[in-house]
2 protein chains.
Amino acid sequence: MNRGQERLRSLLRRKNLDAVLFSSLENIRFLCGFTGSDGALIYGREERYFLSDSRYEEQAKGELQGAGFERYKKKLEGIARRLRALRVKRLGFEGSALTWETYQSLKSHLPRMTLVPLTAEIWDLRACKEPAEVEKVRQAIRIASESFADAVPRLKPGVREKTAGDFLEFRMKRRGGEASSFPIIVASGPRAALPHGKASAKRMEKGETVVVDFGVRHEGYHSDETKTIILGKPDGKQKKIYELVRKAQDKAIKAIRPGISVRAIDRAAREVISRAGYGPFFGHGTGHGIGLAVHEAPTVSPRGRGVVEPGMIFSVEPGVYLPGWGGVRLEDLVLVTDRGCEVLTYLSKELGDNVLKG
Amino acid sequence: MNRGQERLRSLLRRKNLDAVLFSSLENIRFLCGFTGSDGALIYGREERYFLSDSRYEEQAKGELQGAGFERYKKKLEGIARRLRALRVKRLGFEGSALTWETYQSLKSHLPRMTLVPLTAEIWDLRACKEPAEVEKVRQAIRIASESFADAVPRLKPGVREKTAGDFLEFRMKRRGGEASSFPIIVASGPRAALPHGKASAKRMEKGETVVVDFGVRHEGYHSDETKTIILGKPDGKQKKIYELVRKAQDKAIKAIRPGISVRAIDRAAREVISRAGYGPFFGHGTGHGIGLAVHEAPTVSPRGRGVVEPGMIFSVEPGVYLPGWGGVRLEDLVLVTDRGCEVLTYLSKELGDNVLKG
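Residues numbered from 1 in each chain as written. Chains lettered and ligands numbered in written order. Predicted model: local features only at pLDDT ≥ 70, side-chain atom pairs only at ≥ 80, totals over all residues. Heavy atoms only, no water.

(A) Representation of the sheet that holds strand E12 (residues 225–231) of chain B. Residues and elements named next belong to chain B. Strand order in this open sheet of four strands is E8-E9-E12-E20, and the pairing throughout is mixed. A strand with exactly one partner marks an edge of an open sheet, and here the two such strands are strand E8 (185–188) and strand E20 (355–356). Bridge count between E12 and E20: two bridges; the pairing is parallel. Looking at E20, one finds that Ile230 is bridged to Val355. Across the sheet, helix H8 (residues 161–174) lies against E8 and strand E9 (209–214), angled at about 155° from E8, the strand it touches most. (Pairing = 2+ DSSP bridges. Helix = DSSP H or I, 4+ residues; strand = E, 2+ residues; numbered from the N terminus. Contact = heavy atoms within 4.5 Å. Axes fitted to C-alpha atoms, helices over the stretch in contact; angles between N-to-C directions.)

(B) Expanded view of the interface of chain B and chain A. The interface of chain B with chain A comprises 39 residues on the first partner and 39 residues on the second. In total, about 3300 Å² of surface goes out of reach between chain B and chain A, with carbon and sulfur atoms giving 56% of it. The interface formed by chain B and chain A holds four salt bridges in total. Two residues, B:Lys173 and A:Glu169, come together in a salt bridge whose shortest N-O distance is 2.6 Å. Going through the elements one at a time, helix H3 (57–63), helix H5 (100–109) and H8 of chain B are the ones with two or more residues in the side of chain B that touches chain A. The dominant element in the side of chain B that touches chain A, judged by the number of residues it contributes, is H8(B), at eight residues. (Buried area = accessible area lost by both parts, 1.4 Å probe. Salt bridge = Lys/Arg side-chain N within 4 Å of Asp/Glu carboxyl O.)

(C) Region of interest: the packing of helix H4 (residues 75–85) of chain B against H5(B). Residues and elements named next belong to chain B. Running from N to C, H4 and H5 cross one another at 45°; their axes reach a closest spacing of 10 Å. When the axes of H4 and H5 are compared, the pair comes out oblique. As H4 packs across H5, the resulting crossing turns out to be right-handed. For the pair H4 and H5, contact is made by Leu76, Glu77, Ile79, Ala80, Leu83 and Arg84 and by Thr102, Ser105, Leu106 and His109, respectively. Considering only residue class, the contact of H4 with H5 consists of five nonpolar, three polar and two charged. (Parallel < 35°, antiparallel > 145°, perpendicular 65-115°, else oblique. Left-handed = near helix turned anticlockwise from the far one by under 90°. Nonpolar A, V, L, I, M, F, W, Y, C, P; charged D, E, K, R; others polar.)

(D) Spatial organisation of the confidence of the model for chain A. Overall, the predicted model of chain A reaches an average pLDDT of 96, with 100% of residues at or above 70. The complex prediction reports pTM at 0.90, with the ipTM value standing at 0.84. (pLDDT = per-residue confidence, 0-100.)

(E) Focus on the side chain of B:Asp224. Residue and element names in this part refer to chain B. Looking at where Asp224 falls in the secondary structure, it is placed in the loop between strand E11 (221–222) and E12. One buried charged residue, Asp224, forms no salt bridge at all, with the nearest opposite charge on Arg329 at 7.1 Å. For Asp224, the side chain forms a polar contact with the side chain of His288, separated by 3.1 Å. (Buried < 20%, exposed > 50% of the residue type's maximum accessible area, 1.4 Å probe, protein only. Lys, Arg positive; Asp, Glu negative; His and termini not counted. Polar contact = N/O pair within 3.5 Å; in protein donor to acceptor, adjacent residues only side chain to side chain.)

(F) View of the state of the cysteines. Residue and element names in this part refer to chain A. Inspection of every chain in the model, using the stated rule, returns zero disulfides over all chains. With no disulfide of its own, Cys128 has Cys341 as its nearest cysteine by sulfur position, at a separation of 14 Å. Here Cys128 falls in the buried class, since its relative accessible area comes to 8%. Classification of Cys341 as partly exposed rests on a relative accessible area of 24%. (Disulfide = S-S within 2.5 Å.)

(G) Layout of the pattern of salt bridges. Residues and elements named next belong to chain A. Taken as a whole and assessed by the stated rule, the structure comprises 60 salt bridges over all chains. Across the pair Glu342 and Arg138 runs a salt bridge whose closest N-O atoms are separated by 2.8 Å. Separated by 204 residues along the polypeptide, Glu342 in strand E19 (residues 341–343) and Arg138 in helix H7 (residues 131–151) bring together distant segments of the chain. Using a relative accessible area of 30% as the deciding quantity, one classes Glu342 as partly exposed.

Right, dumping it as structure tokens:
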């Protein structure tokens, strides 16, 4: 039983719940091992049932750990039948995953059952990773890093962003990755000012800054990393912005240790950028947890909550985006240790190592 | 203005709504053109606002049609502020897209506003395609089909399912596709009994049946097609099951014309399989609509509702899955015309054309 399951069981007791209904695929995988893409998990105090339709029956039976399989034809009817059989009177549910429609349908099937929304209480269920989970993230990082090296020759003037991104993705899969963590970002020149500038048909040009944000899934666990490269000798402004972002990232990473608040980590990066006068051009949070989901607890931002704990893995990714000019983002993943943190991603973020002469 | 927008406007009047809040990315793209991955659309009787955070500001301003842009820092606060400014008293929302949490948050921000769930009323908003949309699906099909031809040499004994699937995906992207419509299915031998058997590390073997389910996104629109190939001379059972599924698919396609119910189309395929004694081994619906989403209205299944109309595009994909032995699925996309339907996918489903000698 992992730490998440221990916390879930104590939550069941504390909130006096007979069971929790899970509908998010990441929590389902985390709690019972099913890796497919449709189903529901009823996590009771004593018994656990994973429910799905006939498409997933064979797969589920091969994967489930600590949960029985039950097939439904109509999802909600199947869930309701099992809840009735278990005599569930108080059912917790994922407030941020269940849709309004499913909630209403559950209520109408089981009008006397009390539905208890869980949001903050389960948001960080998966935040602290077990060693086996850390290992999967490390493997994902290795696959992505080696693939990035494969793709470097394509990062040059004249090549379309999409061509380079597609090649990087192909290499990540060729090296054993299951899927790209998200649509790869290759944003060159002025497009680098788009924090989410998916690789486009634009050709990269000499002298441009190129933000490359990539990652891969390995046994369900994701990597996520951002390099910013310069295609040729950097000019004064490129140098200045790059070094500023790097300093901000460095400050944030140095601040990380068990017990520090996520806001303080965000502030460490943000202050560097604000003091240099670029505060308004760093419009997103400093980082996010990662694991079975690309974005999960903790949220490292000015509005994040709580403190960090050993075993958490999250990104540190400040950026500066200047409309019309471009942008720089540097992203690494860190693992919180007993005394500080270990930077898991290992590709160099030194400016000198990111100048490609093409 | 497309047909979906006309229907939406008449819905606003009929239900006496001041506006509808859209949170599903497909409807947002359909109604205002935004192609990114976070935001909300307030579709009012007179005014439309797309709201997102700073990451998407530049992109949205370049893409929006018929809607203004508004930036928020906190999503729900931004939405509530705009709804207040528009004096919205009755707000429709997507019952199957809005989470319980967002619903509660909207209620607490705007306690005097009436929230009206829309589910069946908007489920088929995008079902009938405009000619420009049909063209995008046709282009997606062309990219996928040509890429399949590229990948045929990799569909042979000794090659891992995943290697073949990854290559097919790479070709689809190389030929201009934006992304794979879904994780490609390459399910060989006994794995073909898994209707959703994602390509695995298993090597294909001589004599096996291999189900290949693939598709690509082009300008937001998806293709989806399934070929079943035999690696060598088919044996009696392979022939029998293949021809049975092909006959079922053929019957369903022949039944399609405006005004026929989706259930009757499903029944046409299902009866063929049931009469042959394989009814229990066809556990899913016959088809699904496709467009900006891979699965959208109409649902062609025993529990689907309504009749088909000209302009609808959906899949016809019966299958027979025999645990331990394997399976066969054949999937084509059809466009409903004024008198019947046009089969949009054009790769041959004749058994003779799907026997690969490797």
